[in-house]
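# Residue-level structural notes
In case you want the letters, here they are:
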Amino acid sequence: MEASDQRGALVELENVSLQYGESEFTIALRDASLTAQPGEFVAVVGPSGCGKSTLMKAATGLWKPSKGTVRVSGKVVDRPLSIVGMAFQNSTLLPWRTTLDNVMLPLEIVQPHASRLAANRAEYEQSARELLALVGLSGYENAFPWQLSGGMQQRCQLCRSLIHDPKLLMLDEPFGALDMFTREELWQVLQKLWLVRRPTVVLVTHDLREAVFLADRILVMSARPGKIIFERQIDNPRPRDLETTYEASSVEAVHELRSYISSARAAINDPLQQKPANAVSEGVS
Ligand SMILES: Nc1ncnc2c1ncn2[C@@H]1O[C@H](COP(=O)(O)OP(=O)(O)OP(=O)(O)O)[C@@H](O)[C@H]1O
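Just so it is clear, the structure is predicted and the values come from calculations on it, not from any experiment. (Residues numbered from 1 in each chain as written. Predicted model: local features only at pLDDT ≥ 70, side-chain atom pairs only at ≥ 80, totals over all residues.)

Another aspect to go through is the sheet that holds strand 7 (residues 168–172). Here six strands make up an open sheet; going across it, the order is 6-7-8-3-9-10 and the pairing mixed. Since the sheet does not close on itself, it has two edges, and those belong to strand 6 (84–88) and strand 10 (228–233), each with one partner. Direction aside, neighbouring strands of the sheet carry axes that sit 15° apart on average. Of the strand pairs in this sheet, strand 9 (residues 217–221) and strand 10 are connected by five bridges, and their pairing is antiparallel. The residue bridging Ile218 from the neighbouring strand is Arg232, located in strand 10. Set on the sheet, helix 2 (residues 52–59) makes contact with strand 3 (41–45), strand 7, strand 8 (200–204) and strand 9; between it and strand 8 the angle comes to about 150°. (Pairing = 2+ DSSP bridges. Helix = DSSP H or I, 4+ residues; strand = E, 2+ residues; numbered from the N terminus. Axes fitted to C-alpha atoms, helices over the stretch in contact; angles between N-to-C directions. Contact = placed C-beta atoms within 7 Å.)

Surveying the vicinity of the ligand reveals 13 residues, the closest of which are Tyr20, Ala28, Lys52, Ser53 and Thr54. Residues of the shell around the ligand, tallied by class, amount to three nonpolar, eight polar and two charged. (Near = placed C-beta within 6 Å. Nonpolar A, V, L, I, M, F, W, Y, C, P; charged D, E, K, R; others polar.)

The contact between helix 3 (residues 99–109) and helix 5 (residues 121–134) brings their axes to 10 Å, and the two run at 120°. By the angle class used here, helix 3 and helix 5 are oblique. Here the hand of the crossing between helix 3 and helix 5 comes out right-handed. Facing helix 3, whose interface residues are Thr99, Leu100, Val103, Met104 and Leu107, helix 5 presents Tyr124, Glu125, Ala128, Leu131 and Leu132. Residues that form the contact of helix 3 with helix 5 fall into these classes: eight nonpolar, one polar and one charged. (Parallel < 35°, antiparallel > 145°, perpendicular 65-115°, else oblique. Left-handed = near helix turned anticlockwise from the far one by under 90°.)

Turning our attention to helix 6 (residues 150–162). Spanning 13 residues, helix 6 covers 19 Å between terminal C-alpha atoms, matching the ideal 18 Å at 1.5 Å per step. Within helix 6, eleven of the 13 residues are buried, which leaves it mostly tucked inside the rest of the structure. Burial in helix 6 covers these residues: Met152, Gln153, Gln154, Arg155, Cys156, Gln157, Leu158, Cys159, Arg160, Ser161 and Leu162. Where the residues of helix 6 are buried, they touch strand 6, helix 3, helix 5, strand 7 and helix 7 (180–197). (Expected span 1.5 Å × (residues − 1). Buried ≥ 20, exposed ≤ 12 C-beta atoms within 10 Å, placed from the backbone.)

A few words now on the UniProt feature "domain: ABC transporter" (unreviewed entry) in the protein. UniProt marks residues 11–248 with the feature "domain: ABC transporter" (unreviewed entry), using the numbering shown here. The annotated region residues 11–248 carries 32% helix and 24% strand content, and the separation between its end C-alpha atoms amounts to 31 Å. (UniProt positions renumbered as here; feature names shortened; annotations may be inferred.)

Here it is as structure tokens:
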């Protein structure tokens, strides 16, 4: 990718390699490059164990790359970033805090909110209540996580990841543990949150329909050590409804992505396996 294409990107990974230990089996990423533009919704898909979560750890400064550069907002990332909102597959809500207090947790940690919180508590609490209303959790402000269903806990996690108005939202299979109907409901909730708040989103998922429903652009990773081998733009107009996932353009996108992932999976068992004949690397950021 030309340097000019990266201008203004919120997230840039340039030829990032990441090795966890001494042995070559611990090389999780090799020469992985990607960009995400401000306000863009990017999904990352790939075979299991290819390094998707590692990519997230590198992008947020949780793990330092062995080679290559990570920049967020144009600055080299060399420590964990606090401007990021995160949500994961398993609920990380604190069981002794109510929904409202869980959502407000980042405000106690992330500056400048932490120093303003005591004096402006009512205002912050109002923003938390508004977020909870957006995801359909009004009335549950005083409930504890163990009183909420799995889907409600993930709604709460999404609110918590956005309460400090992060520019960047990193989502690592946030709906992976939910049943299909709840997952589809939450796709719509996430789309709504994204349209209202407009953070840059990087979503790791195994679910290709989910990626096609939500993302502006989908990046496919190779088998471990992972790198981006293909990207697909999704131009369906927004807001999207679930029916769009059954339309020809979406079905075709799912099939195309699937063929790249199958090919990458096959390479795990057969290193001589070639990528699909029409694979292109240009345009891959
Ligand atoms: N902390 C760690 N120490 C050593 N190796 C690790 C560590 N974290 C991940 N790995 C290895 O790095 C590789 C990539 O792992 P990662 O979790 O990034 O993959 P993934 O694509 O997110 O997997 P999945 O799709 O199954 O969730 C795997 O081989 C994994 O065993």
